[in-house]
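# Observations on chain architecture
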Amino acid sequence: LQREVPPSPLSLASLAAADIGATAAPHEVEVLPRLGGEAACTFAGASFDFAVLGGTFDHLHSGHKVLLTVAAVVAKRGLFVGVSGDPLLEAKSDADRLQPWGVRAQVV
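## Regarding the side chain of Asp-58
Along the chain, Asp-58 falls in the loop between strand S3 (48–55) and helix H2 (62–74). Of the buried charged residues, Asp-58 lacks a salt bridge, with Arg-104 as the closest side chain of opposite charge at 4.6 Å. Side-chain polar atoms of Asp-58 contact the side chain of His-59, separated by 2.9 Å. Within polar-contact distance, the side chain of Asp-58 engages the backbone nitrogen of Gln-99 at 2.8 Å. Setting aside chain neighbours within four positions, we find Asp-58 in contact with His-64, Arg-97, Leu-98, Gln-99 and Arg-104.

Here is the structure:
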């Protein structure tokens, strides 16, 4: 998924200080394309100008994809995704089995 990013670079600190523009009224959005008649999946909830999320994203799976899809749906102007760096994961169980950061960042 690719979303439009604001024209000027923003830091997480400036986003935290800014009005992130939550939409007051929930709205319904089709999340997956229509295959035939009815929408396969819809989302009804608030939207925001920006969404920020982060995680390890090791061996990208359907749960990760749902998380990223919903974040993209609720973010009207920009989606920022952080991928945990290797130093943060050294104490994680099975850390030696984790994909390198570059691989994980590329697939997200």
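## What about the pairing of strand S4 (residues 75–83)?
Two faces, one strand: in a regular strand the side chains alternate between the faces of the sheet. Where S3 meets S4, 7 bridges bridge the pair, whose relative direction is parallel. Directly across from Ala-51, in S4, lies its bridge partner Leu-79. Between S3 and its parallel partner S4, the chain crosses via H2, and the hand of that crossover is right-handed.

## Some points on a nonpolar patch on the surface
On the surface, Val-81, Val-103, Val-107 and Val-108 cluster together into a nonpolar patch covering about 240 Å² of accessible area. Examined against the element boundaries, Val-103 turns out to sit in helix H3 (residues 101–107). Take Val-103: its relative accessible area is 36%, and that puts it in the partly exposed class.

Calculation rules
- Residues numbered from 1 in each chain as written.
- Predicted model: local features only at pLDDT ≥ 70, side-chain atom pairs only at ≥ 80, totals over all residues.
- Heavy atoms only, no water.
- Helix = DSSP H or I, 4+ residues; strand = E, 2+ residues; numbered from the N terminus.
- Buried < 20%, exposed > 50% of the residue type's maximum accessible area, 1.4 Å probe, protein only.
- Lys, Arg positive; Asp, Glu negative; His and termini not counted.
- Salt bridge = Lys/Arg side-chain N within 4 Å of Asp/Glu carboxyl O.
- Polar contact = N/O pair within 3.5 Å; in protein donor to acceptor, adjacent residues only side chain to side chain.
- Contact = heavy atoms within 4.5 Å.
- Pairing = 2+ DSSP bridges.
- Right-handed = clockwise from strand over helix to strand, strands pointing away.
- Patch = residues over 30% accessible without salt bridge, like charges linked within 9 Å, V, L, I, M, F, W, Y side chains within 5 Å.
- Areas by Shrake-Rupley, 256 points an atom, 1.4 Å probe, with all protein chains shown as cover.

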